[in-house]
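What the coordinates show
Spelled out, the chains give:
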Amino acid sequence: METRSGRRLSSPPACSTRCRPHRRPPRRHPPPRPRAPTLRLHGRAHRPPLAAVAPGSRLRPHHARHGRACALALLRFAPRVPPAHPHPGGTVQANSLLRAAALVSPAELSFYFPGSREDASNLTPIELPCFHRITSIELETLLCVKPPMAGEFTALERLTIRSNIDNLGTMLARCPRLRVLSVTFWDTRVLCATPPSNAVFPALEKVILNGNIVDLGTFLSRCPRLRTISVTFRGVALGSPEAALATLEALEAHGVVVSLLGISVPSAQSDGAVILGAAARLLPQELVFTHLLQAQGPQHSNIDLPCFHHATSIKLNMHNICFTRLLDGEFSKLRRLSLKGCIIDDLGTLVSRCPRLRVLKVKAATSKRDITVHSVSMQELVLGTYTECRGINIVTPMLKELKMEVHADKDINVSISAPMLEKVSWQRTYTGLPTVFGFWHLQNLSLERRGLLTDKHLQDLSSEYAMLTNKYLDNLFERKGWLTVNHVLFVDMCASDSSNAELNFAQEIEKVLVTDFSVLNIRLKAVGHVYGATLLNLFSVLHVHTGLKILKVILLRSKKSEVLQACSGNCSCDSPTTWRSQSISMTQLEEVEIKGLKGDDHEFDLLKLMLRCVPSLKRMTVELGNGIRSYDYGGCTKKINNISLDYPSMDFHVYVSGRLVLHACSSCS
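Each value, and the rule that gives it
- Residues numbered from 1 in each chain as written.
- Predicted model: local features only at pLDDT ≥ 70, side-chain atom pairs only at ≥ 80, totals over all residues.
- Heavy atoms only, no water.
- Phe/Tyr/Trp six-rings, centres within 6.5 Å; stacked < 30°, edge-to-face > 60°.
- Buried < 20%, exposed > 50% of the residue type's maximum accessible area, 1.4 Å probe, protein only.
- Salt bridge = Lys/Arg side-chain N within 4 Å of Asp/Glu carboxyl O.
- Helix = DSSP H or I, 4+ residues; strand = E, 2+ residues; numbered from the N terminus.
- Polar contact = N/O pair within 3.5 Å; in protein donor to acceptor, adjacent residues only side chain to side chain.
- Contact = heavy atoms within 4.5 Å.
- pLDDT = per-residue confidence, 0-100.

Comments concerning the packing of aromatic side chains
For the structure shown, the criterion picks out 3 aromatic pairs. Residues Phe-111 and Phe-113 carry aromatic rings whose centres are separated by 6.1 Å and whose planes lie at 10 degrees to one another, so their mutual orientation is stacked. Across the pair, exposure class does not vary: Phe-111 and Phe-113 are buried alike. An angle of 50 degrees between the planes, with centres 5.4 Å apart, marks the rings of Phe-437 and Phe-505 as tilted.

Have a look at this one:
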């Protein structure tokens, strides 16, 4: 016998007739306590597995041999694949499953039946049967739910419903032991939990309501033991959000904690300043306020930002709002802050009043101000869509992730101190199109953290698939070793005869923070000009970045409305003319990809220059542009093939309209 480790185990010697086998005395352990089994039903929604718990069948758990009655602990139904198309029998199938589950009499029920929007509009809802012994119900479906006509849920303690349910108050009145209630309505249908009679919920301690809530005060007045409430107001039926918040404010005197306060109302029907003031008096632990914008106003409304002393998370989505003044106080417990659409006049002061802030996300509409962030606790910072920013000053010793998107005309002062920084995403858009390298206008300079596929066969299918943006695929491929995470530098430039302000490209590169990028992606709009000398100047600036391994040059086509003019004899695009005999220093470069090659002589000169000066180059990929005439494809391919003959150890790939037309390598000869 051989084990997995490779060791061989010999069999014990056979006992002789004289040897009696040694018998251990029987152990007298108490019989194991029967555990309630768990039955999980998994199947497709259009064909539920009714045979598993069909009406009239008996559940025979393996613990029945101990002679004790055994109840089902958990009954769970969830479809493996949600139906892509609506099925007319969704309501009938859901009712059959629930009736079969009621016969099993489980202690807990988790029922997920997605349904469809078409089924939800059906007048026939799902009928929820009565479960006498059940302690927990979790129900999620797009279909409407109807409570049972009679019977009580005498043992039910936890009820979670993510669906539209009719007569919710009537059902709650039949749950005398209910302690935790969570109800979420999908649409704007009225959510009313108040029972028709004077019923009281003596055991209810935690309530979570999400929807178009009405008559909240009456319902809460019948919950004497309520300790925690999470409420999210949605829909247009909320005539006065201030009145609903005043109802919650009365509960604070009785020790009720507002764990989550969510408000999503149209801006035309509510006053943002009044709602924020009322919300601050409730002392919520988490605040989510969305001011739905119905029409873009010409001006911003100036309001004050109150202080939320007990909030750990704040998310504000408010447009046409400018917080000009911060009220006194400190956000002593705030850890996450997200601001979208609104403007903060003094972001630095706000951050200084948040000593425990870890995550800050700001996406302002327009802000012609400096960005100042000084924090000793911040670990993630996202700043987006800052228009005409004048300066950036960030001091965050614990920052690990930084993402910035800045729009500015001219050079801006950037000072960032983040020694613990690991992930950087920097997007700088130049609105005034400053000039670099003569008459080339710099449009965009950005740095992103991307995942690159290591499998060359996947890259050959389409080079666009080599860069993945799906984080779930990134994590999967990275675990399998198919993906390497790298920083990618993007440079967008266009040629133009207009003269704008000159910009130092080397200084702009220093503001990117990360110098170990391994991929350089250049997008050029040459408009008929020579770009070999420009690329050589760009490479001379980046020669200090020795980690560069992949170079991608994308030549953009001109629009039909743009008139292409041939370069004059004294055009500076080809100067200095000695660039063809110069050399570049990129010793780590392994792959070069050029898209949109038109077949001009200066383009082939650039190919020869790269091949001559980069000895570590292993792969060259060229995709011919769509503007080349069909009879010129053969000539371009032949020229590239002749160039490849001088470099037999290198792989050459030539594509035309996504089709491989030339593959030259040492293994092919």
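Picking up where we left off.
Side note on the pattern of salt bridges
Taken as a whole and assessed by the stated rule, the structure comprises 11 salt bridges. Residue Arg-162 is joined to Glu-138 by a salt bridge in which the shortest nitrogen-to-oxygen separation is 2.7 Å. Here Glu-138 lies in strand S5 (residues 136–141) and Arg-162 lies in strand S7 (residues 158–162), a separation of 24 residues in the sequence. Given a relative accessible area of 22%, Arg-162 falls into the partly exposed group. Among the ionic pairs, Glu-249 bridges to Arg-281, the shortest N-O distance being 3.3 Å. A residue pair is termed long-range when its members are at least 10 positions apart, and Glu-249 in helix H5 (residues 241–251) and Arg-281 in helix H6 (residues 272–281) qualify at 32 residues. Several salt bridges share partner residues, and in doing so they unite Glu-138, Glu-140 and Arg-162 into one network.

Some thoughts on helix H11 (residues 532–541)
Given 3.6 residues to a turn, an α-helix orients residues that are three or four positions apart in the same direction. A large share of H11 lies buried, amounting to 7 of its 10 residues. If you check which residues of H11 are buried, you get Gly-532, Ala-533, Thr-534, Leu-535, Leu-536, Leu-538 and Phe-539.

A closer look at the environment of Arg-619
With respect to the helices and strands, Arg-619 occurs in strand S33 (residues 619–624). With relative accessibility at 11%, the residue Arg-619 sits in the buried group. Along the backbone, Arg-619 and Leu-589 are 30 residues apart, and their C-alpha atoms lie at a distance of 9.7 Å. Reaching out from Arg-619, the side chain makes a polar contact with the side chain of His-653 at a distance of 3.4 Å.

Looking at the environment of Met-620
Here Met-620 lies in strand S33. You can call Met-620 buried: its relative accessible area is 2%. The sequence separation of Met-620 and Met-650 amounts to 30 residues, and the corresponding C-alpha distance is 7.5 Å. Apart from residues no more than four positions distant in its own chain, Met-620 is found in contact with Val-592, Leu-607, Leu-611, Met-650, Asp-651, Phe-652 and His-653.

Considering the confidence of the model for the protein
Residues at a pLDDT of 70 or more form 73% of the protein, whose mean pLDDT is 77. Mean pLDDT across the elements of the protein bottoms out in strand S1 (residues 38–43) (39) and peaks in strand S8 (residues 180–184) (94). Low pLDDT (under 50) marks residues 1–22, which in the prediction has 6 contacts with non-local residues, meaning those over four places away or in another chain. Note on residues 457–469: pLDDT under 50 across the span, and 32 contacts to partners over four residues away in sequence or across chains.

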